[in-house]
Amino acid sequence: MGLKAGIVGLPNVGKSTLFNAITLNHVEAANYPFATIKPNVGTVTINDERVDNLAKLFNPKKVIYNTFEFYDIAGLVKGASKGEGLGNQFLSHIREVDAIIEVVRCFDSNEIIHVENSVDPIRDIQIINLELIIADLESVNNRLAKIANKARISKDKEALNEINLLEKAKECLEKELPLRSLSFNEEEIKTLKNFNFLTIKPIIYVANVSDNDLADIENCKYYQLVKEFALKEGNIALPISCEIESELANLPKEERQEFLETLGLKVSGLDVLVKEAYKLLNLSTFFTVGSDEVRAWSFKNGMLAPDCAGIIHTDFKKGFIKAEVYTYDDIMKYKSETALKEAGKIRIEGKDYLAKDGDIFFFRFNV
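Conventions and cut-offs
Residues numbered from 1 in each chain as written. Predicted model: local features only at pLDDT ≥ 70, side-chain atom pairs only at ≥ 80, totals over all residues. Heavy atoms only, no water. Core = buried A, V, L, I, M, F, W, Y, C linked by side-chain atoms within 4.5 Å. Buried < 20%, exposed > 50% of the residue type's maximum accessible area, 1.4 Å probe, protein only. Helix = DSSP H or I, 4+ residues; strand = E, 2+ residues; numbered from the N terminus. Contact = heavy atoms within 4.5 Å. Phe/Tyr/Trp six-rings, centres within 6.5 Å; stacked < 30°, edge-to-face > 60°. Pairing = 2+ DSSP bridges. Axes fitted to C-alpha atoms, helices over the stretch in contact; angles between N-to-C directions. Parallel < 35°, antiparallel > 145°, perpendicular 65-115°, else oblique. Left-handed = near helix turned anticlockwise from the far one by under 90°. Nonpolar A, V, L, I, M, F, W, Y, C, P; charged D, E, K, R; others polar. pLDDT = per-residue confidence, 0-100. Salt bridge = Lys/Arg side-chain N within 4 Å of Asp/Glu carboxyl O.

J.: Explain the nonpolar core to me, using residue names and the numbers behind them.
T.: Leu 18, Phe 68, Phe 70, Ile 101, Tyr 205 and Leu 273 are the most contacted members of the largest nonpolar core, which has 61 residues in total. When residues in this core are grouped by element, the largest group, six residues, is from helix 4 (residues 121-154). In this view, Tyr 205 contacts Glu 102, Val 104, Ile 125, Asn 129, Val 226, Phe 229, Ala 230, Glu 233, Asn 235, Ile 236, Ala 237 and Leu 238; residues no more than four positions away in its chain are not counted. Counting residues in hydrophobic clusters, the runner-up holds 19 residues, among them Ile 163, Leu 165, Ala 169 and Phe 195.

Below you can see the structure in the form of C-alpha cells.
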C-alpha cells in the first residue's frame, strides 16, 4: 500500500528542515516564503524491530521494511484558498496525500522571520485550517450547484443522497469546522472519497520546539497551547525539535542513540512521528518470510486474508485458496517453522479470516 503524508504549515515554521531529517535528503530550506514551489517527495523506512528479528531467524537474501512517503508541501499563507501565494497549486498537492502533518512554530527567534511577524501557534493553526475549510466549502458549493436542480427533478435516489450528504458537509464547514469532526457511515465515506476533501484527512500537529524546550516540554508554553488545541479536536500534538532531528539525521547510525541519550531521549521524534502517522491511518503490519526475503506489508485494520494477499499481488486475491498463518510472537518463541508445526501453532485459514497485526502469512492461490 502506498502511504502518503503531506507536511504543511505557514512559511518558515520548519517544514523543510523536518523533511530533510525524515528522508535524509537535502531539499532547499531557505529563510524566506515560498522557497518550496513543488512538493518534494521522500520515502522513509518504518523502523520495526520485528523485521530485524525475523531476518536473524531466516537469514534471507533481502530484507524489506514498510515505507511511508512524505511530501514537503510549500508554505500556505492567509488567502491560499483564493490563490494567494500560489495557494491553489499547493492545496492541490494536499489532496493527493492520505494524512496531514501540520508543523507549527513553537519557538522564539530573532533570526528566523515569521510570515505573520510574531509567534502565535494557535493563530497559525487556525490560518491553515481555515484555508483548508474554505477550499472544501468551495468544492461543496460547486458540486451542489451542478447537481442540485437536476437531482430534485429526476428524483434519482443516489443523487438525492449525495445532496443530503453535501448539505451536511456544508453546514459543518460554514461553522468553520473540519469535516473530520463529523461522523459518517460507510456509504457516506465511500461517496466522500470521490471529492478528495482536505479537512476529512486525519491530521497530526507537530510542535516545532527549541532544543531547550524539548528537554523541559511540560514548561513550554507554546507546545502546551498546541497540545490543548489538538486534544479538544480529538487529535494529537507531538513536540519535535526539527533542528535536533536534522542534526541526528546527519550522524552515523551508531552515533545517533548516543546523541539522543545526551539529550535525555530514548527515541527520536521522527520515529515517533512515523509510527503515529501509521496508527493515524488505522494501519497494521503482516509479514512474509523465507530464505529469499523477509518483508513487512501494511494493511488496513479490518482486512480479510484475501485482501492482504491482494496487497502482494492481485492474482493472489483473485485465486485465493487458503492461508497458512502463524504469529510473530510464536516464531520468536519456537525459533523455527518446524518447531511451530510440531507445537500445532501453524493454522490454516480461509477467506473469512480477519488479519491481525504481527501475522505471518503464506498464501496459497490458483489462477
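Back to the text.
J.: How would you explain the packing of aromatic side chains if you had to name every residue and give the values?
T.: Across all of its chains, the model carries 12 aromatic pairs by this definition. Relative to Phe 363, the ring of Phe 286 has its centre 6.2 Å away and its plane inclined at 90 degrees; by these criteria the two rings are edge-to-face. Of this pair, Phe 286 sits in strand 8 (residues 283-288) while Phe 363 sits in strand 12 (residues 359-365), placing them 77 residues apart in sequence. An identical accessibility class is assigned to Phe 286 and Phe 363; each is buried. Considering the side-chain rings of Tyr 353 and Phe 361, the 6.2 Å spacing of their centres and the 80 degrees angle between planes classify their relative orientation as edge-to-face.

J.: Tell me what's going on with the pairing of strand 9 (residues 293-300), and back it up with residues and numbers.
T.: Sheet analysis places strand 3 (residues 62-64) next to strand 9, joined by three bridges and oriented parallel. Residue pairing in the sheet places Ile 64 in a bridge with Arg 295 of strand 9. Across six bridges, the pairing between strand 8 and strand 9 is antiparallel. Paired with Leu 283 across the strands is Lys 300, a residue of strand 9.

J.: Could you give me a rundown of unusual backbone geometry, with the residues and numbers involved?
T.: One non-glycine residue, Asn 59, lies in the positive phi region at around 45 degrees. Topologically, Asn 59 is positioned in the loop between helix 2 (49-58) and strand 3. Residue Asn 59 is classed as exposed on the basis of its relative accessible area of 63%. For Lys 335, which is not a glycine, the phi torsion comes out positive at approximately 75 degrees.

J.: An account of helix 1 (residues 15-23) is needed here, citing residue identities and associated values.
T.: The element helix 1 is extensively covered by neighbouring structure, given that nine of its nine residues are classed as buried. Turning to helix 1, its buried residues are Lys 15, Ser 16, Thr 17, Leu 18, Phe 19, Asn 20, Ala 21, Ile 22 and Thr 23.

J.: Account for the packing of helix 1 against helix 9 (residues 242-249), with residues named and values stated.
T.: Across the interface, helix 1 lies against helix 9 with an axial gap of 8 Å and an inter-helix angle of 30 degrees. Classified by the interaxial angle, the pair formed by helix 1 and helix 9 is roughly parallel. The handedness of the crossing between helix 1 and helix 9 is left-handed. Between helix 1 and helix 9, the residues in contact are Thr 17, Leu 18 and Ala 21 and Cys 242, Glu 243, Glu 245, Ser 246 and Ala 249, respectively. Classifying every residue of the contact of helix 1 with helix 9 by side-chain character gives four nonpolar, two polar and two charged.

J.: Could you give an account of the sheet that holds strand 5 (residues 99-105), naming the residues involved and the relevant values?
T.: Pairing is mixed in the open sheet, where six strands are placed in the order 2-4-1-5-6-7. Every other strand in the sheet has two partners, leaving strand 2 (40-45) and strand 7 (236-240) as the edge strands with one partner each. If you compare each strand with its neighbour and ignore which way they point, the axes differ by 25 degrees on average. Summarising the sheet, strand 5 and strand 6 (residues 203-208) pair through six bridges and their orientation is parallel. Residue Ile 101 lies in a different strand from strand 6, and its bridge partner there is Ile 204. Its contacts with the sheet place helix 4 against strand 1 (4-8), strand 5 and strand 6, and it is angled at close to 145 degrees to strand 5.

J.: Just give me the short version of the packing of helix 4 against helix 8 (residues 221-233), but keep the residues and values in it.
T.: Axis separation between helix 4 and helix 8 bottoms out at 9 Å; the angle between their running directions is 40 degrees. Classified by the interaxial angle, the pair formed by helix 4 and helix 8 is oblique. Residues Pro 121, Ile 122, Ile 125, Gln 126 and Asn 129 of helix 4 touch helix 8, and the partners they reach there are Tyr 222, Leu 225, Val 226, Phe 229 and Glu 233. Looking at the contact of helix 4 with helix 8 residue by residue, the class counts come to seven nonpolar, two polar and one charged.

J.: Account for the confidence of the model for the protein, with residues named and values stated.
T.: Of the residues in the protein, 89% reach a pLDDT of 70 or more, and the chain-wide mean stands at 87. This stretch, residues 25-37, has a pLDDT under 50; its non-local contacts, to residues over four places away or in other chains, come to 39 contacts.

J.: Mind laying out the pattern of salt bridges, listing which residues take part and the relevant values?
T.: Applying the stated rule across the entire model yields 15 salt bridges. For Glu 188, the salt bridge goes to Lys 168, with nearest N and O atoms at 3.5 Å. Highlighted residues: Glu 188 in helix 6 (residues 186-192) and Lys 168 in helix 5 (residues 157-174), separated in sequence by 20 residues. We note a salt bridge from Lys 232 to Glu 228, for which the minimum N-O separation is 3.6 Å. Here Lys 232 pairs with Glu 228, and both are found in helix 8, just four residues apart, close to one helical turn. In this structure, a network of salt bridges that share partners links the residues Asp 48, Arg 50 and Asp 357.

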